There are 2 protein chains.
Amino acid sequence: MPYDPSAYPPFAVTVDLVVLTVRRHALCALVVRRGESPYEGRWALPGGFVQPKEGLAAAAARELEEETGLRVHESAGQSGGVHLEQLATYGDPDRDPRMRVVSVAHLVLAPDLPAPVSGGDAQTVRWAPVESLLSLEQEESREAADPALAFDHHRILADGVERARSKIEYSALATAFCPPEFTVGELRRVYEAVWGVALDPRNFHRKVTGTPGFLVPTGGTTTRQGGRPAQLFRAGGATLLNPPMLRPEV
Amino acid sequence: MPYDPSAYPPFAVTVDLVVLTVRRHALCALVVRRGESPYEGRWALPGGFVQPKEGLAAAAARELEEETGLRVHESAGQSGGVHLEQLATYGDPDRDPRMRVVSVAHLVLAPDLPAPVSGGDAQTVRWAPVESLLSLEQEESREAADPALAFDHHRILADGVERARSKIEYSALATAFCPPEFTVGELRRVYEAVWGVALDPRNFHRKVTGTPGFLVPTGGTTTRQGGRPAQLFRAGGATLLNPPMLRPEV
DNA sequence: CTGTTTATCGTCAGGCAGACGACTATGATC
DNA sequence: GATCATAGTCGTCTGCCTGACGATAAACAG
């Protein structure tokens, strides 16, 4: 099977981004409003073409910075540092009606941003709760009050959310949703938002403070959540939690 | 950013396969000898171009059947059924010296085949223990007695093996390495081969027979492993093991 | 018949998670 | 300033699961 550079089928390769954060106790994803056909006016995941001499992760990082101003830290997993990883690749022959597009989806976990989204037009880029994005799509046949996501982005988002949900079980990645310094309660609210469940504050506290390398106390305290002052922590060096955090049944 | 079908960069999209099985108590991968430049004469993972109107999983299944005669069962996870899943996508700009190739790697778990490999030339397709494939590559600078894998296939294989090792922890996928009917001991040898550790037969037996939906007794027994007759099982409907099998530390 | 091999059942101790009580230290409200 | 609401932190207890390992069972090889 010799290569003939003009004989291989014409493919376009793109990256799509599932950018997740936790805002107001809800897991939110970054979506952009499409300004062109197809799916004009619909919400879609941010993304774009991979450049000829650009790696896949580099393309994802570039698109992320173009859309949000977020910069990926090299050593992912740091608290306050944005985490980026490859999610999966979607290449159904007719996922884009215009041409054959293979999209390498990436997952980004970011802390809540004070400014909504810098670098993008506020009218066309926004955070949307994943719950509404995913549930709306389920009943796509309803009147198009809030249209569903474009292309196969519903599936990509669902896969990304599922990846995030399972990954915070056995890794320290939940700290990627937190500011550089955070309390145990704030970290617990991240788990609660991502999993959509309530956790026992006492057992959670015992678990995370008892896992070596997960949290490092900074010595400071804060009362920004109200109530008794809480210790501040940074993410420790551990990336894998063993034994894992257990997601409650059902 | 309007689409211009002639303006996007020229990409080729391929699928590569990490096909794993357990033979003679060792985890083995399918490799083919390259007959052309670059890396002529080297071993490489099987793979090929995605066709214009073909999905990624379909391309992987087609390549698998072309190289091995194996056919993927639709409902993966059945014992005796071949399991196929997407692994990851590799697209470094210079991973192939000839052109820009983005490869969507897939992971295949198959039971040990009585016939070596049907459908392929026995001289150019073979099972190789992953231990030797991976360790050889580590010392690539040694004399080229047995050259390393072509392209970035060492990394792809390593990722696939790591995926398989972690996935049998929390899923019932180990049965994909087994024939349609198998004993607890045979299943244990699968775990031991994939993880490269020895497991306690008594605790393993308690664990797998006590996990609902993992194993279904067929009523038959066999002595093909020698010793006392062992019950035969089929894979149950469960796909996720909760709690998971624990891989011994270190 | 005896030793070897593999399968299977049981026992026991330690670790960890879920349920939940108790106490502490803030700010808010009266 | 007393009281209340809110959040954080420490402990206790119980049940489940795992790792270590003893014991028995059923085949085959000599």
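The residue count restarts for each chain, going from 1 along the sequence in the order it is written. The lettering of chains begins at A and the numbering of ligands begins at 1, in the order of writing. In view of the model being predicted, local features appear only for residues whose pLDDT reaches at least 70, and side-chain atom pairs are presented and counted only at 80 or more, with totals across whole chains, interfaces and linings using the full set of residues. Excluded from the side-chain calculations are hydrogens and water; all other atoms, namely the structure's heavy atoms, are used.

Considerations on the protein's contact with DNA strand D
Next, step 1: Think of it this way: one heavy atom of a residue within 4 Å of a molecule or strand is enough to make that residue near it. Around DNA strand D sit 25 residues in total, of which Arg202 and Arg228 of chain A together with Arg202, Arg206 and Lys207 of chain B are the nearest.
Next, step 2: Per the 4 Å cut-off to the protein, sugar and phosphate atoms form 51% of the nearby atoms of DNA strand D.
Next, step 3: Within the side chain of histidine 205 of chain A, an N or O atom sits 3.2 Å from a phosphate oxygen of DNA strand D.
Next, step 4: Strands here are runs of E lasting at least two residues and helices are runs of H or I lasting at least four, both read from the DSSP assignment and numbered beginning at the N terminus. Of all the secondary structure elements, the ones that give two or more residues to the surface near DNA strand D are helix H4 (184-195), helix H5 (201-210) and strand E9 (230-235) of chain A together with helix H5 (201-210) of chain B.
Next, step 5: Top element by residues in the surface near DNA strand D is H5 of chain B. It accounts for 4 residues.
Next, step 6: By residue class, the composition of the surface near DNA strand D is 6 nonpolar, 9 polar and 10 charged. Counted as a polar contact is a pair of N or O atoms within 3.5 Å, where, for protein atoms, one must be capable of donating a hydrogen and the other of accepting one, and residues adjacent in sequence contribute only when both atoms are in side chains. Note on residue classes: Ala, Val, Leu, Ile, Met, Phe, Trp, Tyr, Cys and Pro are nonpolar, Asp, Glu, Lys and Arg are charged, and everything else, Gly too, is polar.

With respect to the relation of the copies chain A and chain B
A rotation about some axis, followed by a shift along it, carries one copy of the chain onto the other.
Next, step 1: With an RMSD of 0.0 Å, chain A superimposes on chain B once it is rotated by 180° and translated 0.0 Å along the axis. The superposition operator between the copies reduces to a two-fold rotation axis.
Next, step 2: The share of interface residues of chain A whose copies in chain B are also at the interface is 100%, consistent with both copies meeting through the same surface. To superpose the copies, least squares is applied to the C-alpha atoms of every residue with a pLDDT of at least 70 in both. Residues are treated as being in contact if the distance between any of their heavy atoms lies within 4.5 Å.

Regarding the state of the cysteines
Residues and elements named next belong to chain A.
Next, step 1: Note that a disulfide, as used here, is simply two cysteine sulfur atoms within 2.5 Å. Applying the stated criterion across every chain, the model contains 0 disulfides over all chains.
Next, step 2: Here cysteine 178 stays unpaired: no disulfide links it, and the sulfur of cysteine 28, its closest cysteine neighbor, is 15 Å away.
Next, step 3: Throughout, exposure labels follow a simple rule: accessible area from a 1.4 Å probe, protein chains only, divided by the maximum for the residue type, with under 20% read as buried, over 50% as exposed, and the rest as partly exposed. For cysteine 178, a relative accessible area of 2% puts it in the buried group.

What about the packing of aromatic side chains?
Here the distance between the centres and the angle between the planes together describe a pair of aromatic rings.
Residues and elements named next belong to chain A.
Next, step 1: By convention, a stacked pair of Phe, Tyr or Trp rings (six-membered ring in the case of Trp) has centres within 6.5 Å and planes under 30 degrees apart, an edge-to-face pair has planes over 60 apart, and any other such pair is tilted. Taken as a whole, this structure holds 6 aromatic pairs over all chains when the rule is applied.
Next, step 2: Ring centres 5.5 Å apart and planes at 65° place the aromatic pair tyrosine 191 and phenylalanine 204 in the edge-to-face group. A residue pair is termed long-range when its members are at least 10 positions apart, and tyrosine 191 in helix H4 and phenylalanine 204 in helix H5 qualify at 13 residues. Like tyrosine 191, the residue phenylalanine 204 is buried in the burial classification.

With respect to the protein's contact with DNA strand C
Next, step 1: Neighbouring residues of DNA strand C: 24 residues in total, closest Arg202, Arg206, Lys207 and Arg228 of chain A together with Arg202 of chain B.
Next, step 2: Within 4 Å of the protein, the contacting atoms of DNA strand C are 55% sugar and phosphate, with bases supplying the remainder.
Next, step 3: In the model, a base nitrogen of DNA strand C is placed 2.6 Å from a nitrogen or oxygen of the arginine 202 of chain A side chain.
Next, step 4: In this structure, glutamine 231 of chain B approaches DNA strand C through a main-chain N or O atom, which is 2.9 Å from a phosphate oxygen.
Next, step 5: Listing elements by their share of the surface near DNA strand C, those giving two or more residues are H5 of chain A together with helix H4 (184-195), H5 and strand E9 (230-235) of chain B.
Next, step 6: Looking at the surface near DNA strand C residue by residue, the classes come out as 5 nonpolar, 9 polar and 10 charged.

A word on the packing of helix H3 (residues 153-170) of chain A against H4 of chain A
Residues and elements named next belong to chain A.
Next, step 1: Taken N-terminus to C-terminus, the directions of H3 and H4 make an angle of 145°; their axes are 9 Å apart at the nearest point. Crossing of H3 over H4 shows left-handed handedness. Mapping the contact onto sequence places Ala164, Arg165, Ile168 and Glu169 in H3 and Tyr191, Val194 and Trp195 in H4.
Next, step 2: Residue composition of the contact of H3 with H4, grouped by class: 5 nonpolar, no polar and 2 charged. In this analysis an axis means a line fitted to C-alpha atoms, helices contributing only their contacting stretch, and an angle means the value between N-to-C directions, from 0 to 180 degrees. Handedness of a helix crossing follows the sense of rotation of the near helix relative to the far helix, less than a right angle counterclockwise being left-handed and clockwise being right-handed.

Examining the confidence of the model for chain A
Low pLDDT marks stretches whose predicted atomic positions should not be read closely.
Next, step 1: Confidence of the predictor in every single residue is expressed as pLDDT, which spans 0 to 100. On average, residues of chain A score 89 in pLDDT, and 85% of them are at 70 or above.
Next, step 2: Scored below 50 in pLDDT, residues 141-145 of chain A makes 1 contact in the model with residues more than four places away or belonging to other chains.

Considering the pattern of salt bridges
Next, step 1: Salt bridges, as used here, are contacts in which a Lys or Arg side-chain nitrogen is within 4 Å of a carboxyl oxygen on Asp or Glu. Within this structure, the stated rule accounts for 30 salt bridges over all chains.
Next, step 2: One salt bridge connects aspartate 152 of chain B with arginine 95 of chain B, and the closest N-O pair in it is separated by 2.8 Å. Note that aspartate 152 of chain B is positioned in the loop between helix H2 (130-138) and helix H3 (153-170) and arginine 95 of chain B in the loop between strand E5 (83-90) and strand E6 (101-109), a separation of 57 residues in sequence. With respect to burial, aspartate 152 of chain B and arginine 95 of chain B carry one shared label: buried.
Next, step 3: Ionic contacts of the salt-bridge type, sharing partners, join the residues Glu54, Arg62, Glu63 and Glu66 of chain A into one network.

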